[in-house]
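Per-entry structural report
Listed below, chain by chain, are the residues.
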Amino acid sequence: MKRVMIVTGGGDCPGLNAVIRAVVNRASQEKDWEVVGSIEAFNGILREPTELVVLDENAVKGIHYQGGTILQTTNKGGPFSWPIKEKDGTWTTVDRSDEMIRKINYLGIDAVINIGGDGSQRISQALFEKGLNVVGVPKTIDNDLSATDSTFGFQTAVEIATDAVDKLVTTAASHNRVQILEVMGRDAGWIALHSAVAGGAEVCLLPEFPYDINKVMEKIDSRFNKGRGFINIVISEGARNINGNYVARESNEPGYNNRILGGIGFQLEQELKEAGCEHSIRTTVLGHLQRGGVPVAYDRVLASQFGVKAFELVLEEKYGTMVSYRHPRITYVTLKEAIQKPNLVTWDTALMKTALGLGICLGV
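The paragraphs below set out a description of the structure included in this document. Values in this document were obtained by computation on a predicted structure and should not be read as measured data.

**Let's talk about the overall build of the protein**
Scanning the protein from N- to C-terminus turns up eleven helices and 17 strands. For 364 residues, the compact-globule formula gives about 21 Å, and the C-alpha radius of gyration of the protein, at 22 Å, lands near that figure. Each principal axis of the C-alpha atoms in the protein carries an extent, and together these give about 75 × 55 × 35 Å. In the protein, which comprises 364 residues, the share counted as buried stands at 53%. Long-range contacts, defined as pairs at least 24 residues apart, comprise 72% of the intrachain contacts of the protein with a sequence gap of at least 6. Entry remark: accessible area of the protein is about 16,000 Å², with carbon and sulfur atoms responsible for 48%.

**Focus on empty space enclosed by the protein**
Tallying each qualifying case throughout the model produces one cavity of 30 Å³ or more. Taken together, Val165, Leu168, Gln179, Leu181, Asn232, Ile233 and Val234 form the lining of the largest cavity. Secondary structure elements with two or more residues in the lining of the largest cavity: helix H5 (154-175), strand E8 (177-183) and strand E12 (231-236). Looking at the lining of the largest cavity element by element, the count peaks at three residues for E12. Here the residues of the lining of the largest cavity are counted per class, giving five nonpolar, two polar and no charged.

**Quick word on the sheet that holds strand E9 (residues 203-205)**
Here we have four strands laid out as an open sheet, ordered E9-E12-E8-E15, and parallel in their pairing. Across the chains shown, the open sheet's two edge strands, defined by having one partner strand only, are E9 and strand E15 (280-285). Taken pair by pair, the neighbouring strands of this sheet meet at an average axis angle of 15°, ignoring direction. Two strands pair when backbone bridges link them, and E8 and E12 are joined in this way by six bridges, in the parallel orientation.

**What about the side chain of Ser324?**
Summarising the element assignment, Ser324 is placed in strand E16 (residues 321-326). Of the residues examined, Ser324 reaches a relative accessible area of 0% and is grouped as buried. If we ignore the near neighbours within four places in the chain, the residues touching Ser324 are Ala147, Thr148, Phe306, Arg329, Ile330, Thr331, Tyr332 and Val333.

**Observations concerning the packing of aromatic side chains**
Considering all chains together, one arrives at three aromatic pairs under this definition. Arranged with centres 4.4 Å apart and planes meeting at 40°, the rings of Phe209 and Trp347 form a pair that is tilted. Of the two residues, Phe209 sits in the loop between E9 and helix H7 (213-222) while Trp347 sits in the loop between helix H10 (335-338) and helix H11 (350-357), which places them 138 residues apart along the sequence. Looking at Phe209, the relative accessible area reads 8%, which means it is buried. Taking relative accessible area as the criterion, Trp347 reaches 44% and is therefore assigned partly exposed. One Lys or Arg, Arg96, reaches over the ring of Trp82 and ends 4.9 Å from the middle of that ring. The ring of Phe230 carries Arg223 above its face, with NZ or CZ at 5.0 Å from the centroid.

**Some thoughts on the pairing of strand E4 (residues 82-85)**
Bridging between E4 and strand E5 (residues 91-94) involves four bridges; their strand directions are antiparallel. Opposite Trp82, over in E5, you have Val94 as the bridge partner. A loop of five residues connects E4 with E5, the two strands running antiparallel in sequence, and Gly89 in this loop sits at a positive phi of about 95°.

**Details of the layout of surface pockets**
What the second largest pocket holds in volume is close to 160 Å³. Asn143, Ser146, Thr148, Asp149, Phe154, Trp190, His194, Arg326, Lys341, Pro342, Asn343 and Leu344 are the residues that line the second largest pocket. Each residue belonging to the lining of the second largest pocket can be placed in one class, and the counts come to four nonpolar, five polar and three charged.

**With respect to the packing of H7 against helix H8 (residues 264-274)**
Where H7 contacts H8, the axes come no closer than 10 Å and their chain directions differ by 75°. When the interaxial angle is binned, H7 and H8 end up roughly perpendicular. Taken together, the residues of H8 that come into contact with H7 (itself represented by Ile213, Val216, Met217 and Ile220) are Leu268, Glu271 and Leu272. Considered class by class, the residues forming the contact of H7 with H8 number six nonpolar, no polar and one charged.

**As for a nonpolar patch on the surface**
A cluster of nonpolar side chains, contributed by Trp347, Leu356 and Val364, occupies part of the molecular surface with about 300 Å² of accessible area. The topology assignment puts Val364 in the segment after H11. By relative accessible area, Val364 is classed as partly exposed at 49%.

**Here's the deal with the sheet that holds strand E6 (residues 111-116)**
Taken together, seven strands build an open sheet; the order of strands is E3-E2-E1-E6-E7-E16-E17 and the sheet is mixed. The strands lining the two open edges of the sheet, one partner per strand, are strand E3 (52-54) and strand E17 (329-334). On average, each strand axis in the sheet is inclined to that of its neighbour by 30°, with strand direction left out of account. Examined bridge by bridge, strand E2 (residues 33-38) and E3 share three bridges and lie antiparallel to one another. Each bridged residue has a counterpart across the sheet, and for Val36 the counterpart in E3 is Val54.

About the thresholds
Residues numbered from 1 in each chain as written. Predicted model: local features only at pLDDT ≥ 70, side-chain atom pairs only at ≥ 80, totals over all residues. Heavy atoms only, no water. Helix = DSSP H or I, 4+ residues; strand = E, 2+ residues; numbered from the N terminus. Rg over C-alpha atoms; globule rule 2.2 N^0.38 Å. Buried < 20%, exposed > 50% of the residue type's maximum accessible area, 1.4 Å probe, protein only. Contact = heavy atoms within 4.5 Å. Areas by Shrake-Rupley, 256 points an atom, 1.4 Å probe, with all protein chains shown as cover. 1 Å grid on protein atoms, 1.4 Å probe; cavity = no way out; pocket = protein on both sides within 12 Å on 5 of 7 lines; lining within 4 Å. Points joined across faces, edges and corners; volume = space filled by probe spheres on them. Nonpolar A, V, L, I, M, F, W, Y, C, P; charged D, E, K, R; others polar. Pairing = 2+ DSSP bridges. Axes fitted to C-alpha atoms, helices over the stretch in contact; angles between N-to-C directions. Phe/Tyr/Trp six-rings, centres within 6.5 Å; stacked < 30°, edge-to-face > 60°. Lys NZ or Arg CZ within 6 Å of the ring centre and 35° of its normal. Parallel < 35°, antiparallel > 145°, perpendicular 65-115°, else oblique. Patch = residues over 30% accessible without salt bridge, like charges linked within 9 Å, V, L, I, M, F, W, Y side chains within 5 Å. Salt bridge = Lys/Arg side-chain N within 4 Å of Asp/Glu carboxyl O.

The values reported here are purely geometric and, on their own, carry no functional implication.
Right, dumping it as structure tokens:
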């Protein structure tokens, strides 16, 4: 009996369970394959006792519409930076990748399917270079992987953000207000751009293009007459002004190495007041609402396609690869190609041209 292990790493994302289900259902058609899952990404293998679960058709029944991941996930630590506490109370990290690969081999696991974003696939590539049979599946609500046309979870996040814009439009109009909505995306502005266009926002501020507060003020002024009017602003959490000021803080959680973004919406509110905006301003931070809940149909379909393709790549022993969507085909790329270049908004992006055509102010 051959075994494939599924891992879900990094931030949670709508559609993860649909991938797991698809892998299991496809594997069940092969007589000699068993699927297991590691709890909390690779932590399930690294911990003692080992935390693995057998995934059969009964285990995955009905999970395709559920948010989150039945295997749980983490964006801390990992095989190359396992956090350990020193005797003096400080934390450090150690590389346990070789130990983990030996344990995977000892458990008779023939291949690993690692479902995750940029950071997770960098781990996949490093493990592949050490000899592990690994296939990646792209997962991120940020849609920031250039080796695939789309990542599952993104459309669900856009739907949630657009619904928020829709609701804020009515309250902005009722109160003659400036409404600011801060959305996720880290260094990529896709969620902000899509939800701004879909929700009819008048201003959209993206990480890729530092904004000039005076340009934003000009747009606000054009929307008010004798103190009456309203305007909706969508700003990505990774946005910054022309002085280059991000709003982020370092984490004090052991094993978590990413900057914690959040708060740029409130900074923008303060900047507007200092620039002379006399209108009532309210700021909403959407936060982790964008990561949770039921995946939309598009994400369930894409996730299911990815899961089936991932197991078929295992059958074909095409390791060191990541599943990719290149319209209209579900295909694959090398992991090295997958992590080479981020997918960021550019001026020649089709939707950027649409936003400009709609008169959306980008702060530049």
